[in-house]
Amino acid sequence: MEVLFAAALGVLTFCGVYLILRARTFPVVLGLTLLSHAVNLFLFGMGRLTLEAPPVIGESSHQADPLPQALVLTAIVIGFAMTAFVVVLALRAAVELRSDHVDGVDPDEDWRP
Amino acid sequence: MTLLLIVTLPLLGALLTWATARAGDLRFSAIVAALAPVVVLALVLSLLPAILAGEVIAAEWRWIDAIGLTIAFRMDGLAMLFALLIVGMGLLVMLYARYYFAGKHGGCRFYVLTLVFMASMLGIVTSGNLLFMLVFWEMTSLVSFLLIGFHSEQRPARRGARLTLVITGGGGLALMAGVILIGQAVGSYHLSDVLAAGDTLREHRQYPLILSLVLLGAMTKSAQFPFHLWLPHAMTAPTPVSVYLHSATMVKAGIFLLARLHPVLAETPLWLYSVSSVGMATLLTGAFVAMFKHDTKGLLAYSTVSHLGLITLLLGMGTRMGLIVGLFHLLNHALFKAPLFMMAGIVEQSTGTRDMRRINGMWHFMPYLGVLTGVAAASMAGLPLLNGFLSKKMFFAETMVSPFTGVLAWLTPSLAAVAGLLSVAYSARIFHNVFFNGAPRDLPIWPPKLPGVGILIPVTLLSAACIVVGIVPQYVVHTLLKLAAEAALGGELPQYNLGLLHRFNLPFLMSALALTGGLAMYVARRQLFAIYDRLPEVDAKENFEWLMLQAGTFAERLVHRLENGSVQRYIALVLLSALITMGTALAGMTEWRGAEVLTPLDPMTVFGTVLLMACALGVAVGHRNRFLALLLTGAAGLFVTLTFARFSAPDLALTQLSVEVMAVIIMMLALSFLPQTTPPESSVPRRVRDLSLAGLSGLGMAIVAYAVMTRPAQSISGFFLARSVPEGGGSNVVNVILVDFRGFDTLGEITVLGIAAVAVFALTRNLQLKDRVPQERGQYWASEPHPMILRMIARPILPVTLMVSAYIFLRGHNMPGGGFIAGLVTAVALSLQYMAGSLAWAHSCMLTPFRPLVGGGILLAALTGLGSLAAGAPFLTSWFGHYRLPGLGDVELATALLFDLGVFITVVGATLLILANMGKLMTLQGPGKEIG
């Protein structure tokens, strides 16, 4: 299972990073979402993969590591807030710069001979 | 206290002068400006008795303990000599400037800057802490920059100022490095500690480095070869500046430093050869070039360079007598060079030029100035009965008893004699060429008119001083010189007698030889000029400008390569650095697979994970079709939710599920304003670069995760698991961690959430999207705003969902659930109402605006935490108890629940604030007023 989990992490990271490097805002937002999934899963995985053992006392004989779960829970919520913020930034930029390019303008404009 | 006043009074004086400046009234400014130096002079003199008694006056205040920087002042004989020179010359220059600037603009600015400069020079000489001294050292460089660029509208002035700043500023950096090394070697920056640690330093491993760095600082400041180039270009400054900074004081700061650190750094072969060779090179170069300068100030600048070289040579020989003679010559140089510079300024004002090929025969127009110049020039040449003669003769005597051996033993005095000869020649030239040598040739101002008689007062005083010091040195300067030398050297001084210097002996013969030779050279000047003109010309400033330009272009290109304003490039660079860091850290790892037993696979999990990967890859491959990509992103999020659920994290699954819904809604809203497709625009190399970066990142992430997960876990979670029920009063450990053990973190996190929501509110406030975003109406968007079926279903759903969320909230402490999740579920339920009904309608149904909700939630959480303070427990300690309530049975009440309520309220408020404001953009005219 660990191999599978690591592979899924790798694929999520790969897709997230690739999209973050795109030139338009919307793919970048999607990439950020995928990358934050990857990071959340990574943190979660640091508590090791445990089956059938929620960290609730009395539910089962042993419990999964609750600490990474608590960390990831807040990370998910804050990640959502950040996504919303980035989306609004992208909208604002699209309106003010009349382009949804991440740089707004061509960065090499002044340097072309 | 007196010492502090000595340094700060000129600064206050500068402020006062600036504040009381009156246009066109230079006389008033001059008087105001002179107040501070007069008081400072009195203060310095008031310390003289104590210094005479052999005391060292010190004062110290704490500043930055961590780096050993204190506000420390220290006044001894050496500092006294320099302080008197600085303040005395300053006053004379101020008097001179009062006439020099008459009728011109900028006089007041000159006074202000001069006072600042005076303060920084006084700071250098009276600092008792080497780091503290550096502050003033840099200040002199900066003020010098401003004063050289005084006529900032002129190109040469700007370039000269820049050249100076680069050279002296660079030297300042070297000095700073040297001082820090000294501080590390000695263990203190305090001057008294440093001076006592001479042996430690000289035997220190880094002594050669320390010495080179300190020398670099001193040599650049004192215009030593090959750094002398800035001084001639500094002559674009107004003449009072040249007199004060570039002849009498600032250029002597390097000499001061050499004298100050003499007991610590000198008396080693390295010091002997490096300092004296630099001094000799400077002496000869300066003297040689000076002879051939047609510009009066240029000639004087090079002669200053040469004299500074002479003093450096004397200090470099490292003998005790050498230092005494050096200090004596330093004083004499100030006395005879200042009036010469002043003369150059006066002649320039009267004739409009500084070119000695045109200025001739001035004797006819200004005989009195001619007499004064004659005295000063004769002193510079080293004629008997004048101060220059004394120190120069002592210099010749010193070169003969130098510590050199072999060829150097006779080469040194010979070269010294040559330099003496050259100095006679250029001294003769500046006097004879200006005042005699035929008639003036097409002067810009004709007839030459002398400025006010008052301008001659400082010249007269200084020239008279040359004679007085020359005839009765033992009465005028002996005491001061002795004090300074004692302070610089420490211990007994060698025997010498300034009064007996006029005797005939070998050095006297050398002086006489230099005199005749120099005069002969001057007589043959026309032939020499012709030869000199044929020499290749090296323009330091042009070379410097070229170098600066190249450096600038190089830096610009480099910056553009790294930082061209492209977010894509930055992210790529950041990723690359992260990969390199991670790669290096992992390079030594041999075994990826740890010792733990792998969790067994089951078909459903494999299926789900494969689908997750497929969704993610689908997003990346199909990102040009944005709607599809968004749907796939949502699907990937759902599979992440399932992953959490599968691996024993019900809280995470619930959170992720509700967040996913909200996130997709928001992105969907945004997409309706943005173009529906992404144009293909990445070049192939760019795509290859991105793919490899992404591939490496993914690979790294997978490998690290795998390596960690297959190794035994060492977690601190046992602590939380054991104490959750007895101390936190809840059996859902994740929730207890959030609201109790790590409640402070959660408080911070809901604050971040609130800030993000308010930021969204602010960013959408004045945003009008409708007709400003170029777009084709997408075929994905339904034209009917609020479908009937949805509207009908949504209303009865609301109470049910609210009840569910209340249930989730209440059970959160013991079972999966809690404030975060309940808040998100409530927000989802309410946002459904927004979608089903119109924005305005849904909003009118809300009982409260959202922003107070966000703030109120955070406040409630914080107050709950503070409540525990009132009960005498640490911040955010929770309290709980079990009660039997009629009809409900056993009920647990915990303050953590109150805290969780705060979390709940914040999450609801923030989420709805974000959603409603983004939704507002959808409406055709905008809702007209703010939402939330």
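Everything numeric here is computed off the predicted structure, so don't read it as measured data. (Residues numbered from 1 in each chain as written. Chains lettered and ligands numbered in written order. Predicted model: local features only at pLDDT ≥ 70, side-chain atom pairs only at ≥ 80, totals over all residues.)

Undergrad: Could you clarify how one ought to interpret the overall build of chain B in this entry?
TA: On a plain count of helices and strands, chain B comes out with 39 helices and four strands. A total of 932 residues make up chain B; the buried ones form 48% of that total. Once local pairs closer than 6 in sequence are excluded, the contacts in chain B between residues at least 24 apart make up 79%. (Helix = DSSP H or I, 4+ residues; strand = E, 2+ residues; numbered from the N terminus. Buried ≥ 20, exposed ≤ 12 C-beta atoms within 10 Å, placed from the backbone. Contact = placed C-beta atoms within 7 Å.)

Undergrad: Just checking my understanding: could you explain the overall build of chain A for this structure?
TA: Helix and strand content of chain A: three helices and zero strands. The buried share of chain A, reckoned over its 113 residues, is 62%. Long-range contacts, defined here as pairs at least 24 residues apart, represent 49% of the contacts in chain A between residues at least 6 apart.

Undergrad: Explanation requested: the interface of chain B and chain A in the structure shown.
TA: The parts lose accessible area when they come together, and the size of an interface is often stated as this lost area. Between chain B and chain A, the residue contacts involve 104 residues of the former and 80 residues of the latter. Per element, the largest residue contribution to the side of chain B that touches chain A is 14 residues, and it comes from helix α31 (residues 684–709) of chain B. For the side of chain B that touches chain A, the class distribution of residues is 69 nonpolar, 28 polar and seven charged. (Nonpolar A, V, L, I, M, F, W, Y, C, P; charged D, E, K, R; others polar.)

Undergrad: Any chance you could explain helix α2 (residues 26–46) of chain B here in plain terms?
TA: Every α-helical turn comprises 3.6 residues, leaving residues that sit three or four positions apart pointing alike. Residues and elements named next belong to chain B. Compared with an ideal rise of 1.5 Å per residue, which puts 21 residues at 30 Å, α2 spans 30 Å between its outermost C-alpha atoms and is within 8% of the ideal. Of all the bends in α2, the largest measures some 25 degrees and sits at L35, one to four residues before the proline P37. Every buried residue of α2 is accounted for by L26, S29, A30, V32, A33, A36, P37, V40 and V44. In this structure, the buried side of α2 is in contact with α1 (2–20), α4 (77–100) and α5 (107–126). (Expected span 1.5 Å × (residues − 1). Bend = angle between axes of the 7 residues up to and from the residue.)

Undergrad: I keep staring at the pairing of strand β1 (residues 57–64) of chain B and nothing clicks. Help me out?
TA: On a regular strand, each side chain points to the face opposite its neighbour's, so the side chains alternate between the two faces of the sheet. Residue and element names in this part refer to chain B. By the bridge criterion, seven bridges tie β1 to strand β2 (residues 69–75) in an arrangement that is antiparallel. Residue pairing across strands places E60 opposite A72, the latter belonging to β2. As consecutive antiparallel partners, β1 and β2 are separated by four residues, and within that stretch G68 has a phi angle of approximately 75 degrees, a positive value. (Pairing = 2+ DSSP bridges.)

Undergrad: Can you help me understand helix α30 (residues 650–671) of chain B in this one?
TA: Across its 22 residues, α30 of chain B extends 31 Å between first and last C-alpha, which sits within 8% of the 32 Å expected from 1.5 Å per residue. Summarising burial for α30 of chain B: 17 of the 22 residues are buried, a large majority.

Undergrad: Looking at this structure, I do not really get the UniProt feature "transmembrane region" (unreviewed entry) in chain A. What am I missing?
TA: Residue and element names in this part refer to chain A. According to UniProt, the positions carrying the feature "transmembrane region" (unreviewed entry) are residues 6–21, 28–50 and 70–91. Secondary structure across residues 6–21 divides into 94% helix and 0% strand, with the first and last C-alpha atoms of the span separated by 22 Å. For residues 70–91, helix accounts for 100% and strand for 0%, while the C-alpha atoms at its two ends are 32 Å apart. (UniProt positions renumbered as here; feature names shortened; annotations may be inferred.)

Undergrad: Explain the environment of L721 of chain B to me, please; I cannot follow it from the model alone.
TA: For L721 of chain B, the location among the structural elements is in helix α32 (residues 717–728). Put simply, L721 of chain B and V736 of chain B are 15 residues apart on the chain and 9.8 Å apart in space, counted from C-alpha to C-alpha. Those residues in contact with L721 of chain B that sit more than four places away from it in its chain are Q63 and P66 of chain A together with V733 of chain B.

Undergrad: Could you clarify how one ought to interpret the nonpolar core in this entry?
TA: Soluble globular proteins tend to pack their nonpolar side chains together in the buried interior. L327, L340 and A484 of chain B are the most contacted members of the largest nonpolar core, which has 193 residues in total. By residue number, the principal contributor to this core is helix α17 (residues 320–351) of chain B, which donates 18 residues. Every residue in contact with L327 of chain B, bar those within four places of it in the chain, is listed here: L81, A259, L481, A484 and A485 of chain B. Counting residues in hydrophobic clusters, the runner-up holds 130 residues, among them L91 of chain A together with A629, A653 and A756 of chain B. (Core = buried A, V, L, I, M, F, W, Y, C linked by C-beta atoms within 7 Å.)

Undergrad: What exactly am I supposed to notice about the environment of L513 of chain B here?
TA: Summarising the element assignment, L513 of chain B is placed in helix α24 (residues 506–523). Placed 93 residues apart in sequence, L513 of chain B and G420 of chain B show a C-alpha to C-alpha distance of 8.9 Å.

Undergrad: Can you help me understand the environment of F627 of chain B in this one?
TA: Residues and elements named next belong to chain B. Among the secondary structure elements, F627 is positioned in helix α29 (residues 626–646). We classify F627 as partly exposed; it has 17 C-beta atoms within 10 Å. Separated by 40 residues in sequence, F627 and M667 place their C-alpha atoms 9.8 Å apart.

Undergrad: Explain the packing of helix α3 (residues 66–97) of chain A against α30 of chain B here, please?
TA: Relative orientation and spacing of two packed helices are given, respectively, by the angle between their axes and the distance between those axes. For the pair α3 of chain A and α30 of chain B, interaxial distance at closest approach is 10 Å and the crossing angle is 0 degrees. As far as their axial angle goes, α30 of chain B and α3 of chain A are roughly parallel. Only D651, L652, T655, Q656, V659, M662, A663, I666, M667 and A670 of chain B of α30 of chain B make contact with α3 of chain A, whose side of the interface consists of Q69, V72, L73, I76, V77, F80, T83, A84, V87, A90 and L91 of chain A. Of the residues in the contact of α3 of chain A with α30 of chain B, the class split is 16 nonpolar, four polar and one charged. (Axes fitted to C-alpha atoms, helices over the stretch in contact; angles between N-to-C directions. Parallel < 35°, antiparallel > 145°, perpendicular 65-115°, else oblique.)

Undergrad: Whenever I open this one, the packing of helix α16 (residues 296–316) of chain B against α17 of chain B confuses me. Can you help?
TA: Residue and element names in this part refer to chain B. Where α16 meets α17, the axes come as close as 9 Å, and the angle between the chain directions of the two elements is 175 degrees. In terms of orientation, α16 lies roughly antiparallel with respect to α17. Taken together, the residues of α17 that come into contact with α16 (itself represented by T296, K297, L300, T304, H307, L310, I311, L314 and L315) are G322, L323, V325, G326, H329, L330, H333, K337, L340, F341, A344 and V347.

Undergrad: Explain the confidence of the model for chain B here, please?
TA: The predicted coordinates ought not to be read in detail in places where the model reports low pLDDT. Residue and element names in this part refer to chain B. With 95% of its residues at a pLDDT of 70 or more, chain B has an overall mean of 86. Of the regions scoring below 50 in pLDDT, residues 772–782 engages in eight contacts with residues more than four places distant in sequence or in other chains. Interface scoring of the predicted complex returns ipTM 0.93; its pTM is 0.63. (pLDDT = per-residue confidence, 0-100.)

Undergrad: Explanation requested: unusual backbone geometry in the structure shown.
TA: In most cases, non-glycine residues show a negative phi, while peptide bonds are predominantly trans. All names here are of chain B. The residue after F225, namely P226, is reached through a cis peptide bond having omega 0 degrees. Position of P226 among the secondary structure elements: in the loop between α10 (207–221) and α11 (230–233). A positive phi angle is found at A223, which is not glycine, with a value near 55 degrees. Counting through the fold element by element, A223 comes out in the loop between α10 and α11. A residue is classified by how many C-beta atoms lie within 10 Å of it, and A223, with 29 of them, is buried. With a phi angle near 65 degrees, E267 is a residue other than glycine that sits in the positive phi range. Within the element layout of this structure, E267 appears in the loop between α14 (262–265) and α15 (269–291). Note on E267: 15 C-beta atoms within 10 Å, which makes it partly exposed.

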